Amino acid sequence: MAGLIRREDIDEVRSRTDIREIVEGYVTLKSAGIGSFKGLCPFHDERSPSFHVRPQMGTYHCFGCGESGDVISFVMQMDHTSFTETVEKLAARISYELHYEQGSGISKEEVGRRQRLLDAHKVAAEFFQKNLYTPAAQEAQKFLGGRGFDPRSTQQFGVGYAPRGWDNLLKYMRAKGFTEEELEATGMFSRGNRGLYDRFRGRLMWPIRGIAGETIGFGARKLFEDDQGPKYLNTPETQLYKKSQVLYGLDLAKRNIAKKRQIVVVEGYTDVMAAHLAGVDTAVATCGTAFGSGHIKVVRRLISDDGTGGEIIFTFDGDAAGQKAALSAFQDDQKFVAQTFVAVAKDGMDPCDLRLNRGDGAVRSLIASRRPLFEFALKATLKNYDMNTLEGRIRGMRAVAPILAGIKDRTLRPAYIREVSGWLGIETDEVLRAVNYAQENPQQSHRDKAKAEQEAKDAVEQARAEQEANPFEIPDMRDPVARMEREALEVVVQVPHYLSNAQWQELAKVQYRYRMHSGIAEGIIGAAAEVVPAPGTHWVNSVRSQAPEPVHALLAELTVSPIPARTEEQLARYVHDILNRLFEQQINRQKSNLLMNLQRLDPTADAEEFQDIQRSLLELELRRRSIMEGQD
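Structural notes, computed from the coordinates.

The rules behind each value
- Residues numbered from 1 in each chain as written.
- Predicted model: local features only at pLDDT ≥ 70, side-chain atom pairs only at ≥ 80, totals over all residues.
- Heavy atoms only, no water.
- Helix = DSSP H or I, 4+ residues; strand = E, 2+ residues; numbered from the N terminus.
- Buried < 20%, exposed > 50% of the residue type's maximum accessible area, 1.4 Å probe, protein only.
- Contact = heavy atoms within 4.5 Å.
- Areas by Shrake-Rupley, 256 points an atom, 1.4 Å probe, with all protein chains shown as cover.
- Phe/Tyr/Trp six-rings, centres within 6.5 Å; stacked < 30°, edge-to-face > 60°.
- Lys NZ or Arg CZ within 6 Å of the ring centre and 35° of its normal.
- Pairing = 2+ DSSP bridges.
- Right-handed = clockwise from strand over helix to strand, strands pointing away.
- Salt bridge = Lys/Arg side-chain N within 4 Å of Asp/Glu carboxyl O.
- Axes fitted to C-alpha atoms, helices over the stretch in contact; angles between N-to-C directions.

Remarks on the overall build of the chain
Thought 1: A tally of regular secondary structure across the chain gives 27 helices and 19 strands.
Thought 2: Among the 632 residues that make up the chain, the fraction classed as buried is 48%.
Thought 3: Of the contacts formed within the chain by residues at least 6 apart in sequence, a portion of 67% connects residues at least 24 apart.
Thought 4: On the chain, roughly 31,400 Å² of surface is accessible, and the fraction owed to carbon and sulfur atoms is 48%.

Observations concerning the packing of aromatic side chains
Thought 1: All told, the structure shown has 17 aromatic pairs when counted by the stated rule.
Thought 2: Geometrically, the ring pair formed by Trp 206 and Tyr 232 is tilted, given 6.5 Å between the ring centres and 40° between the ring planes. With Trp 206 in strand β11 (residues 203-209) and Tyr 232 in strand β13 (residues 232-234), the pair connects residues that are 26 residues apart, well separated along the chain.
Thought 3: Through successive ring pairs, a cluster of aromatic residues spans Tyr 26, Phe 43, Phe 51, Tyr 60 and Phe 74.
Thought 4: The residue whose ring lies beneath Arg 147 is Phe 143, and the NZ or CZ to ring-centre distance is 3.7 Å.

Some points on the pairing of strand β15 (residues 262-266)
Thought 1: Within β15, five of the five residues are buried, which leaves it mostly tucked inside the rest of the structure.
Thought 2: The two faces of β15 match: Gln 262, Val 264 and Val 266 on one face and Ile 263 and Val 265 on the other face are all buried.
Thought 3: Looking at chain direction, β15 and strand β17 (residues 311-315) are connected through four bridges and run parallel. Note on β17: the bridge partner recorded for Val 264 is Ile 313.
Thought 4: Note: β15 against strand β16 (residues 283-286), three bridges, orientation parallel. The residue bridging Val 265 from the neighbouring strand is Val 284, located in β16.
Thought 5: Once the chain exits β15 it traverses helix α11 (residues 269-277) before rejoining the sheet at β16, and the crossover so formed is right-handed.

Here we look at the pattern of salt bridges
Thought 1: For the structure shown, the criterion picks out 25 salt bridges.
Thought 2: Notably, a salt bridge pairs Arg 14 with Asp 70, separated by 2.6 Å at the nearest N-O pair. Separated by 56 residues along the polypeptide, Arg 14 in helix α1 (residues 7-16) and Asp 70 in strand β6 (residues 68-70) bring together distant segments of the chain.
Thought 3: Looking at Arg 14, the relative accessible area reads 26%, which means it is partly exposed.
Thought 4: Overall, Asp 70 belongs to the buried group, its relative accessible area being 18%.
Thought 5: When the shortest N-O distance is used, the salt bridge between Lys 509 and Glu 506 registers 3.8 Å.
Thought 6: By relative accessible area, Glu 506 is classed as buried at 7%.
Thought 7: A network of salt bridges, in which partner residues are shared, links Arg 174, Glu 180, Glu 184 and Arg 191.

Here we look at the sheet that holds strand β12 (residues 215-222)
Thought 1: Ordered in space as β8-β11-β12-β13, the four strands form an open sheet in which the pairing is antiparallel. Of all strands in the sheet, those with a lone pairing partner are β8 (160-162) and β13, marking the two edges. In this sheet, adjacent strand axes meet at a mean angle of 35° when their direction is disregarded.
Thought 2: Looking at chain direction, β11 and β12 are connected through seven bridges and run antiparallel. Bridge pairing in β12 places Trp 206 opposite Gly 219.

Right, dumping it as structure tokens:
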């Protein structure tokens with residue numbers, strides 16, 4: 001019975017294997033002097049590289065955590081393999097034949113279990129690829145063609161097809177000499193009452209590869225309506241496949257990621273394909289799970305996240321789920337030294353749809369339009385608050401203060417504090433105090449944020465309840481806006497013939513702060529559409545018939561309220577002035593809302609919307625000037 005590997009063979013494998021080449025499959029190394037290289041330690045989290053490799057000595061050592069050893073111990077720790085499995089893997093890599101001593105130890109049948117699993121995945125991947133362009137795979141071909149992928153691109157990514165049926169792959173693998181135990185351990189098969197059967201049937205198949213390029217699992221997309229399984233079905237956790245540590249496309253992207261110090265995280269297999277084909281060759285995706293701490297460790301080592309640059313760019317759909325995913329990714333932002341960004345297409349398209357509809361350049365432009373993740377988080381957070389009220393802006397300030405406090409680049413933080421101050425309409429010093437408090441009291445600050453979020457929800461619910469309970473609340477005349485709206489309505493009810501056609505047109509555009517006043521206005525505009533506006537009973541009765549019943553008492557009051565004018569000339573001037581004040585307030589309110597929206601936009605990323613708002617602002621200002629000059 002075969003047993004231990006001969007000592008001479010182990011020494012030979014160790015001496016012939018380039019430790020630098022092996023380590024660079026997992027860690028980005030930089031020169032650290034003659035014959036020495038360094039990178040971020042793969043065995044503990046660190047921000048400055050303290051992991052050193054000496055190829056001539058065949059050793060590594062971390063000055064941070066103290067880990068050290070040779071190429072065999074390094075691979076054992078990184079791949080979680082036994083000593084024998086590791087030596088066999090390295091020997092196969094350099095095509096060296098191993099010899100085993102008789103005696104106790106690991107049996108020959110147990111040696112190379114991991115390699116057998118890798119071999120099984122390689123054979124299965126070839127099987128799926130061979131089936132992709134057969135007559136039975138027309139649905140798969142149609143799916144790929146409909147998303148802009150030709151045979152050349154599918155071959156590049158190893159895309160295949162799992163035929164319909166229960167044992168197509170099973171028969172093929174058995175014919176290749178794999179045992180029942182080995183096949184079950186791959187995760188490619190399920191066990192039923194009659195034994196093993198194919199896990200993937202009638203599905204489009206993507207091979208999921210490890211960082212070194214070996215296939216370790218599969219992702220499968222449903223194609224047929226009678227398939228009762230989920231839309232995407234992945235290999236379950238196996239000895240090879242750990243989804244929390246795997247990034248699809250990393251084998252193709254790793255060199256470009258290390259070279260450009262950039263990684264683009266997209267959401268699916270087709271998005272990775274589309275991005276690479278469009279020239280974004282640093283794109284990867286998680287495999288059916290959220291981007292988490294395991295992925296972060298992989299990314300940090302690849303981009304050599306040591307504080308000297310680097311970009312992590314997340315792409316998400318523009319819908320609510322995409323925004324939620326972006327905010328979730330922001331929670332991990334502090335685990336990176338590199339700058340984190342987010343890129344969201346304006347119309348919500350993912351990279352695959354973007355490439356299909358607008359071409360490769362649109363995908364590249366999407367990535368180029370990236371904006372800092374904390375900026376996205378700030379704006380997404382503020383959307384939850386009513387920026388039209390002081391209370392809403394204060395709650396918004398409390399909610400974003402911890403985000404501002406968490407900006408790693410201290411030179412950027414003051415600029416963003418000023419920016420947020422403009423968005424909120426709150427003094428910069430006030431925002432700065434909130435940020436300083438959040439920095440000094442992080443736990444309390446997060447409690448305040450949660451409280452602000454709850455208060456915002458409660459305020460919305462309370463306002464809705466109050467509206468439903470008493471939609472026609474009597475306005476408080478101590479409010480200047482309420483008083484001005486009432487005075488304007490008085491003149492329209494009593495002397496409607498003083499209004500010009502242009503003033504009637506402006507009056508129809510006014511949005512009142514108080515529901516009672518908008519109810520009166522509703523009656524006025526409805527009456528003006530049916531009768532000629534002229535003072536008297538007929539006009540008032542027409543307004544009453546068009547207005548909601550709860551405002552009838554106020555209408556009666558408006559008809560008898562004294563107007564402060566003694567002569568016709570004074571009355572004409574008063575009507576002109578009070579209506580112009582109403583119209584100017586309306587325009588200023590619209591301008592204020594537009595300016596707030598403008599401050600939240602990126603002039604480059606949101607160029608079209610930015611220009612539209614600027615045009616609207618110009619039109620409103622011209623209207624305001626025209627009204628005030630009496631030219632309307």
